[in-house]
Amino acid sequence: MNYEKLELLINGTWRSGSENKSEPVYNPATNEIIGDLPHASKNDLKEALESNKEAFKSWKKEPSLNRQKIIENACRILEDKFDRVATNLTIEMGKPLVEAKMELSVGLDVLRWYGEEGKRAYGRLVPSRMNGLSQTVIKEPIGPVIAFVAWNFPVMNVVRKIGGALAAGCTITIKPSEETPGTAIAIGRAFVEAGLPPGVLNIVFGVPSEVSEYLCSSSIPRKLSFTGSVPVGKHLQKLAAENMIRCTMELGGHSPLMVFDDIDIKKAAKISVAGKFRNAGQVCVSPTRFLVQDSIKDKFTEAIIEETNKIKVGNGLEEDTNMGPLIAERRIDVMNEFVKDAIESGANVEMGGNRMNRVGSFFSPTVMTDVKDNAKIMNEEPFGPLLPIDSFKSVDEVIDRANRLDFGLASYAFTNDPKIIDNLRSEIQAGLLAVNSTVVSTPETPFGGIKHSGYGSEGGIEGLDAFLVTRFISETYNI
Ligand code: NAD
């Protein structure tokens, strides 16, 4: 095995932590240790921030064309190492290799998209009310950025932060997940090889709460971008408030998937199962509450079970695997708790419902029916391979139930009825709505939630804007 060498990147140098602290990294499909990850000390973090501050002075002035060229070079270097990076992603995170390759490929698209979009950070001229007065609005990079991201998309979560920051002219210190460090390091190495100046990008690891507390307590960062759970997002926002650090919060969701009775049941079930069990359900936009019109509930459930039965669970490196393990052992207990609670509240387990009898953090693809709104799984984000189904009677009822939680990330509907679609467009409280598909994320469209799922977008022109500040300059020569 040729797993990535695990190091910190601080001010252009790859190294271990100055206090020699570290932690093991595991392969969740085998529970074997695959690497030893250095932790950054407070001094290392201080050095990282100071290098960001210093490098910002020149990086912000670098023409956007040059920034784009470096991003493009990094993409080409990653393409040369494509198979190795994707394989290491599967080894550290568990998802099937085909999903890892897809993620890396879309991740490169994201970087390239940001690189190009950086050239279009336009300001504007506003006609004035007086002769001889010129009014200019300019967009400028916000400053050094700090970013914290989760383990579920080791490429995407990282490139959405790095791509936007670098293209906009910001410097960045990112703390990827300690569970999936190799992918982020491979991305960092590509940028260093591509000619990124020292101090523009730092990659650090440590105890998450200690790292974020230290970084937020500094007056250097001007922007914080986080991808992870709602509770951690709220905690980070409070820390950021102290230094008025602007935030983008990409937090968890609890996405309703509504199935109306005018639809092709088999097609809807096939698309829904593929969306649900992608990355073993460890996706912030995973459909998590299946609400089916009562007249088709039995037929839809049958089709769901038929499709779910086709899923081959295994080590992501094996070619025919459709679903890998959960990220770590701790998540097995969480799944067991959701299933136990659902049964106690009257649900039926139609298939799965337990950990698999094999080495690694594997949990069976699980389908449950008659899961009422009072079950824990209908209220808390499951983040795993659990598919709970319940029925509904009317459009008004399902919209109310879809909107009932504080989450507001993604929402899905299967229907061809234009009146229902119109109703959903105006009434559904979610940052993302997909009708007859589960596609809610592309490099060129804004991705993000509302309500407790966070605010701010990544991707699209909004994604670049998140790293820019707006300034107004008024000039007159008539004195
Ligand atoms: P967790 O909240 O403990 O950790 C999620 C991520 O946040 C980790 O990668 C961790 O490094 C980081 N983190 C945790 N505490 C932090 C802190 N104080 N400062 C900075 N970063 C911190 O949860 P978990 O058990 O790893 O995963 C399960 C939960 O995480 C799910 O319920 C889900 O809501 C959430 N999650 C969300 C996303 C997403 O894309 N929105 C991704 C992964 C996990």
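Residues numbered from 1 in each chain as written. Predicted model: local features only at pLDDT ≥ 70, side-chain atom pairs only at ≥ 80, totals over all residues. Heavy atoms only, no water.

Undergrad: An account of the overall build of the protein is needed here, citing residue identities and associated values.
TA: When helices and strands are counted, the protein shows 14 helices and 20 strands. The globule rule puts the C-alpha radius of gyration for 479 residues at 23 Å, and the 23 Å found for the protein is close to it. Per-residue burial for the protein yields a buried fraction of 58% across its 479 residues. Sequence separation of at least 24 residues holds for 72% of the intrachain contacts in the protein that already meet a minimum separation of 6. Of the roughly 19,900 Å² of accessible surface on the protein, 51% is carried by carbon and sulfur atoms. (Helix = DSSP H or I, 4+ residues; strand = E, 2+ residues; numbered from the N terminus. Rg over C-alpha atoms; globule rule 2.2 N^0.38 Å. Buried < 20%, exposed > 50% of the residue type's maximum accessible area, 1.4 Å probe, protein only. Contact = heavy atoms within 4.5 Å. Areas by Shrake-Rupley, 256 points an atom, 1.4 Å probe, with all protein chains shown as cover.)

Undergrad: Tell me about unusual backbone geometry, and name the residues and values.
TA: Phi is positive for Asn20, which is not a glycine, with a value near 55°. Along the chain, Asn20 falls in the loop between strand S2 (13–15) and strand S3 (22–27). Even without being a glycine, Lys451 presents a positive backbone phi close to 50°.

Undergrad: Quick one: what's the story with the nonpolar core, residue by residue and with numbers?
TA: If you look at the biggest cluster of nonpolar residues, it comprises 139 residues, and the most contacted ones within it are Phe191, Leu224 and Val285. A total of eight residues in this core trace back to one element, the largest contributor, which is helix H5 (residues 156–168). Ignoring any residue separated from it by four or fewer positions in sequence, one finds Val285 in contact with Ser255, Arg278, Leu409, Ala410, Tyr412, Leu432, Val440 and Phe447. (Core = buried A, V, L, I, M, F, W, Y, C linked by side-chain atoms within 4.5 Å.)

Undergrad: For the sheet that holds strand S18 (residues 432–435), give the residues involved together with the corresponding values.
TA: Reading across from one edge, S14-S15-S16-S13-S12-S17-S18 is the order of the seven strands in this open sheet, with mixed pairing throughout. The open sheet has two free edges, formed respectively by strand S14 (348–351) and S18, since each of these has just one partner strand. Mean inter-strand twist for the sheet, computed between neighbouring axes without regard to direction, equals 25°. Where strand S12 (residues 255–259) lies against strand S17 (residues 410–414), three bridges are found, and the strand directions are parallel. Within S17, the residue paired with Met258 across the bridge is Ala413. (Pairing = 2+ DSSP bridges. Axes fitted to C-alpha atoms, helices over the stretch in contact; angles between N-to-C directions.)

Undergrad: Which residues make up the side chain of Thr415, and what are the values?
TA: With respect to the element layout, Thr415 can be found in the loop between S17 and helix H13 (418–427). A polar contact of 2.8 Å, which involves the side chain of Thr415, links it to the side chain of Asp262. Among the polar contacts made by the side chain of Thr415, one reaches the main-chain amide nitrogen of Asp417 at a distance of 3.0 Å. (Polar contact = N/O pair within 3.5 Å; in protein donor to acceptor, adjacent residues only side chain to side chain.)

Undergrad: Report on the packing of aromatic side chains, specifying residues and quantitative values.
TA: Applying the stated criterion across every chain yields a total of three aromatic pairs. Each ring, one from Trp113 and one from Tyr114, has its centre 6.0 Å from the other, and the planes form 70°; the classification is edge-to-face. Judged by its relative accessible area of 1%, Tyr114 falls in the buried class. Of note, Arg358 hangs over the ring of Phe362, and the distance from its end group to the ring centre comes to 4.2 Å. (Phe/Tyr/Trp six-rings, centres within 6.5 Å; stacked < 30°, edge-to-face > 60°. Lys NZ or Arg CZ within 6 Å of the ring centre and 35° of its normal.)

Undergrad: Mind laying out the pattern of salt bridges, listing which residues take part and the relevant values?
TA: Across all of its chains, the model carries 33 salt bridges by this definition. Several salt bridges share partner residues, and in doing so they unite Lys372, Asp373, Asp390, Glu397, Arg401 and Arg404 into one network. (Salt bridge = Lys/Arg side-chain N within 4 Å of Asp/Glu carboxyl O.)

Undergrad: Can you explain helix H7 (residues 208–216)? Please cite residues and give values.
TA: Listed as buried for H7 are Val211, Ser212, Leu215 and Cys216. The arc that holds every buried residue of H7, seen down its axis, measures 120°, which confines them to one face. On its buried face, H7 sits against helix H1 (42–59), strand S7 (145–149), strand S8 (172–175), strand S10 (223–227) and helix H8 (230–241). (Arc of directions from axis to C-beta.)

Undergrad: Could you give an account of the site of the ligand, naming the residues involved and the relevant values?
TA: Neighbouring residues of the ligand: 26 residues in total, closest Trp151, Ser212, Ser229, Arg330 and Glu381. Contact distances for the ligand include 2.8 Å between an oxygen atom and a side-chain N or O atom of Arg330. When the free accessible area of the ligand is taken as 810 Å², the share hidden by the protein chains comes to 85%. Elements with a minimum of two residues in the shell around the ligand: S7, H7, S10, H8 and helix H11 (329–344). The class makeup of the residues in the shell around the ligand is eleven nonpolar, nine polar and six charged. (Near = heavy atom within 4 Å. Nonpolar A, V, L, I, M, F, W, Y, C, P; charged D, E, K, R; others polar.)

Undergrad: Describe H1, and please don't skip the residues or the numbers.
TA: Given 3.6 residues to a turn, an α-helix orients residues that are three or four positions apart in the same direction. Taking 1.5 Å as the rise per residue, H1 with 18 residues should run 26 Å; its terminal C-alpha atoms sit 25 Å apart, in good agreement. Three or more residues of H1 are buried, namely Asp44, Leu45, Ala48, Leu49, Ser51, Asn52, Ala55, Phe56 and Trp59. Taken down its axis, H1 places every buried residue within 165° of arc, on the same side. Facing away from the buried surface of H1 by more than 90 degrees, the exposed residues are Lys42 and Asn43. (Expected span 1.5 Å × (residues − 1).)

Undergrad: How would you explain the pairing of S8 if you had to name every residue and give the values?
TA: Every second residue of S8 is oriented toward a common face, with Ile172 and Ile174 on one face and Thr173 and Lys175 on the other, all of them buried. Bridge count between S7 and S8: four bridges; the pairing is parallel. Bridge pairing in S8 places Ile146 opposite Thr173. What joins S7 to S8 is H5, and the crossover it makes is right-handed. Sheet analysis places S8 next to strand S9 (residues 201–203), joined by three bridges and oriented parallel. Following the sheet pairing, Thr173 is matched in S9 by Asn202. With helix H6 (residues 181–193) bridging S8 and its parallel neighbour S9, the resulting β-α-β unit is right-handed. (Right-handed = clockwise from strand over helix to strand, strands pointing away.)

Undergrad: So what about the sheet that holds strand S6 (residues 133–141)? Which residues, and what values?
TA: As summarised here, the arrangement of the three strands in space is S5-S6-S20, forming an open sheet in which the pairing is antiparallel. With partners counted over all chains shown, the strands left at the sheet margins are strand S5 (124–125) and strand S20 (468–476), one partner each. Sheet analysis places S5 next to S6, joined by two bridges and oriented antiparallel. The residue bridging Arg124 from the neighbouring strand is Val137, located in S6.

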